[in-house]
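Structural overview for review
Each chain, written out:
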Amino acid sequence: MKLAVEKLSVTFGQGRRRVEAVRCVSFGVEAKGSYGLVGESGSGKSTVLRAVCGLAPVSTGRIEIDGKPVEGRRSLAFARLVQMVFQDPYASLHPRHTVDRTLSEPLAIHGLNDRHRRVERALAGVGLDLSFRFRFPHQLSGGQRQRVAVARALILEPEILLLDEPTSALDASVQAEVLNLLVRLRRERNLTFVMVSHDLAVVNHMCERLLVMQQGQGVEELDRQALGDRRVKTGYTRSLLKASEGFLR
Amino acid sequence: MGPEDAPRPGIRAWLTDDVPQSRLQARCVQAYLAWRRLAQNWLAMVGLSIVLGLILMAIFAPLLATHPPYEQNLQDRLLPPFSAGHWLGTDEFGRDLWSRIVYGSRISLTIVALVAVTAPLFGLTIGTAAGFFGGIADNLLMRLTDIFLAFPRLILALALVAALGPGIENAILAIALTAWPPYARVARAETITLRNADYISAIRLQGAGPPRIILGHIVPLCLSSVIVRVTLDMAGIILTAAGLGFLGLGAQPPLPEWGLMISSGRKFLFDQWWVATVPGLAIFIVSLGFNLLGDGLRDVLDPRSAPR
């Protein structure tokens, strides 16, 4: 297993304001695999990703990468192994930093040289023209911003990419472009994907296996084959499936 | 490509380029656009010219002054404005008021510059650290800020000056020590709204430590509201300095500090009104200038004020 999550629980707050965002969720992702977490808003799927990155507190359970447990403050080595693309490209880029600064910053943190060429390569890798290099986020469209966010996540050449609804803030045509970009990048760079989405169709397109989540718990694990054949066991998954087919007339 | 699309040569084209070629140019373009927005606000321009006038006056004081500021001439004492050789009149020692105002601008500007550099810097450090780390650090730093905020500014300055002795340096120190808490508050509030933003999470995920996050990512975003606040506070700083001078706790005679000049003119206020009024007008105009500039800057820099 490249990434294994075992009986993960995440709780926020204390006493009466205690919220259990994730309850006892387990799953595993093979190396170079692609895994989906599906559920409606508030089902805790994004929190799982944030817990893997150390952005949300793990109360119980284990997270393992390459068989080694990760806990506490994440190291620099972790940053070069796991990166994340956030949901809202309008909120995930620093508004006062140019694309160049956004992409150079991780290189500076990790003391990597040859920054100029790495930035150019990262931009080319996500299909952005070099003329975007010194623009600010407000001079870019949503799709372009998300490409910059993907470039930022990949510039440290991680092995695992966590995708938190990377296309849900984009309109349909741009969504397809970004998804195809992600599929291509995964193939080219042998990446392991964990993707969160509320859209079964998107996850079905991207992932070989998926976990359906509801109210912080894993409901049902499926593979692409089972999803295609509609061999689902729980009513909740069936209703999600129905919803993804769109409106019935 | 039509003729109007052809790239225009020159600095203007470079400054409005939509496709900057370097970080420096990208920054210059942003600064130029902000300047153009500021320039549209004529009141801010009035404020800016007053402030620039004050700075030029301080730099070229020896050229602008008609008399040495400390030169006494008891025969010409208490001359009214527009008398020969003294267009703003003279004070009780026959010193030329215009020359004293001109030299006094250096003192006011020194006070303002020193306070404007130290207090926001200190406030920003405390505020961003408190907001970013949260928990115990936040409680500790903010209670400290609350304590400083709870004192009336002038009274605390008075106490400090009383403890350290009167003088312009101690007045500056006292004002700086009492001026920082509002900046810490502003910076903390901004930091708390930014701390959980995705772009901060992203840089954290890339392994950045707190110093890099605070200095490189949070401070630049707090800076604009702090700059606005500083500019609006300038008037208050000048007034506090003048107040301390007036009470005899700031600048000491014979320094041509404006507050001190008002204080000495108080004795003749009914018969020779100009001795107190002229430095009072100087304080008024400069304070107004800073306030107008601050309002204009807020419109340009504050992201919350809607563009018009």
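Residues numbered from 1 in each chain as written. Chains lettered and ligands numbered in written order. Predicted model: local features only at pLDDT ≥ 70, side-chain atom pairs only at ≥ 80, totals over all residues. Heavy atoms only, no water.

1. What about the overall build of chain B?
Along its length, chain B carries twelve helices and zero strands. The order of α-helices and β-strands along chain B, N terminus first, is α-α-α-α-α-α-α-α-α-α-α-α. Here the C-alpha coordinates of chain B stretch approximately 75 × 65 × 30 Å along the principal axes. The buried share of chain B, taken over its 308 residues, is 49%. (Helix = DSSP H or I, 4+ residues; strand = E, 2+ residues; numbered from the N terminus. Buried < 20%, exposed > 50% of the residue type's maximum accessible area, 1.4 Å probe, protein only.)

2. Points about the sheet that holds strand 9 (residues 209-214) of chain A
Residues and elements named next belong to chain A. With mixed pairing, the six strands of this open sheet are ordered in space as 6-7-8-3-9-10. Lying at the two open borders of the sheet, with one neighbouring strand each, are strand 6 (82-85) and strand 10 (217-223). The average angle at which neighbouring strand axes cross in this sheet is 20 degrees, direction not considered. Pairing analysis gives four bridges linking strand 3 (residues 34-38) to strand 9, with the strands arranged parallel. (Pairing = 2+ DSSP bridges. Axes fitted to C-alpha atoms, helices over the stretch in contact; angles between N-to-C directions.)

3. Focus: helix 10 (residues 210-246) of chain B
The terminal C-alpha atoms of helix 10 of chain B, which comprises 37 residues, lie only 45 Å apart, well short of the 54 Å expected from a rise of 1.5 Å per residue. Downstream of helix 10 of chain B by a residue or two, Gly248(B) has a phi angle that is positive, lying close to 80 degrees. (Expected span 1.5 Å × (residues − 1).)

4. Notes on the domain arrangement of chain B
Partitioning chain B into structural domains gives domain 1 (1-39) and domain 2 (49-301). One C-alpha centre belongs to domain 1 of chain B, the other to domain 2 of chain B; they are set 35 Å apart. (Domains from an automatic or database assignment.)

5. Details of the pattern of salt bridges
Applying the stated criterion across every chain yields a total of 23 salt bridges over all chains. A salt bridge links Glu64(A) to Arg62(A); the nearest nitrogen and oxygen atoms lie 2.5 Å apart. A residue is classified by how much of its surface remains accessible, and Glu64(A), at 15% relative accessible area, is buried. As a salt-bridge pair, Arg147(A) and Glu177(A) come within 3.1 Å of each other at their nearest N and O atoms. Highlighted residues: Arg147(A) in helix 5 (residues 142-154) and Glu177(A) in helix 6 (residues 172-189), separated in sequence by 30 residues. A relative accessible area of 14% places Arg147(A) in the buried class. Residues participating in the shared-partner salt-bridge network are Asp100(A), Glu120(A), Arg133(A) and Arg23(B). (Salt bridge = Lys/Arg side-chain N within 4 Å of Asp/Glu carboxyl O.)

6. Focus: the nonpolar core
Ile111(B), Val115(B), Ile175(B), Ile213(B), Ile218(B), Trp258(B) and Phe290(B) are the most contacted members of the largest nonpolar core, which has 75 residues in total. Per element, the largest residue contribution to this core is 15 residues, and it comes from helix 10 of chain B. Sequence-distant contacts of Val115(B), that is, excluding residues within four places in its chain, are made with Pro120(B), Ile172(B), Ile175(B), Ala176(B), Ala179(B) and Ile237(B). The next biggest cluster of nonpolar side chains, apart from the first, holds 48 residues, and it includes Leu128(A), Met195(A), Leu200(A) and Leu227(A). (Core = buried A, V, L, I, M, F, W, Y, C linked by side-chain atoms within 4.5 Å. Contact = heavy atoms within 4.5 Å.)

7. A word on the sheet that holds strand 5 (residues 68-69) of chain A
Residues and elements named next belong to chain A. Pairing within the open sheet is antiparallel, and its four strands lie in the order 2-1-4-5. Taken across any chain shown, the strands that pair with only one partner, and hence form the sheet edges, are strand 2 (19-29) and strand 5. As paired elements, strand 1 (residues 3-12) and strand 4 (residues 60-65) share five bridges and run antiparallel to each other. Its bridge partner lying in strand 4, Leu3 is registered against Ile65. The sheet strands contacting helix 1 (residues 45-53) are strand 1, strand 2 and strand 4, and the helix crosses strand 1 at an angle near 105 degrees.

8. Examining the packing of helix 5 (residues 97-133) of chain B against helix 12 (residues 274-301) of chain B
Residues and elements named next belong to chain B. It is at 11 Å that the axes of helix 5 and helix 12 come closest, and there the two elements cross at 40 degrees. Taken together, the axes of helix 5 and helix 12 lie oblique to each other. The element helix 5 and its partner helix 12 pack so that their crossing is right-handed. From helix 5, Leu97, Ile101 and Val112 reach across to helix 12, where they touch Trp274, Val275, Val278, Pro279, Ala282 and Phe290. The class makeup of the residues in the contact of helix 5 with helix 12 is nine nonpolar, no polar and no charged. (Parallel < 35°, antiparallel > 145°, perpendicular 65-115°, else oblique. Left-handed = near helix turned anticlockwise from the far one by under 90°. Nonpolar A, V, L, I, M, F, W, Y, C, P; charged D, E, K, R; others polar.)

9. Digging into the interface of chain B and chain A
The interface of chain B with chain A comprises 25 residues on the first partner and 33 residues on the second. Of the roughly 2,600 Å² buried between chain B and chain A on both sides combined, carbon and sulfur atoms contribute 56%. Per-residue buried area on chain B facing chain A is highest for Arg23(B), Leu205(B) and Gln206(B); these three make up 29% of the total on that side. Between Arg212(B) and Glu105(A) there is a salt bridge, and its shortest N-O distance comes to 3.1 Å. For the pair chain B and chain A, the interface holds eleven residue pairs in polar contact (both at pLDDT 80 or more). Put simply, the parts of the chain that give the side of chain B that touches chain A at least two residues each are helix 2 (23-39), helix 9 (198-205) and helix 10 of chain B. (Buried area = accessible area lost by both parts, 1.4 Å probe. Polar contact = N/O pair within 3.5 Å; in protein donor to acceptor, adjacent residues only side chain to side chain.)

10. As for the environment of Asn291(B)
Residue and element names in this part refer to chain B. With respect to the secondary-structure elements, Asn291 resides in helix 12. Under the relative-accessibility criterion, Asn291 is labelled partly exposed at 29%. For the pair Asn291 and Met234, spaced 57 residues apart in sequence, the C-alpha separation works out to 7.7 Å.

11. Notes on a nonpolar patch on the surface
Residues and elements named next belong to chain B. On the surface, Leu52, Ile55, Leu56, Ile59, Phe60, Leu63 and Leu64 cluster together into a nonpolar patch covering about 660 Å² of accessible area. Secondary structure elements with two or more residues in the nonpolar patch: helix 3 (42-59) and helix 4 (61-64). Here the element with the most residues in the nonpolar patch is helix 3; it accounts for four residues. On the secondary structure map, Leu64 appears in helix 4. (Patch = residues over 30% accessible without salt bridge, like charges linked within 9 Å, V, L, I, M, F, W, Y side chains within 5 Å. Areas by Shrake-Rupley, 256 points an atom, 1.4 Å probe, with all protein chains shown as cover.)

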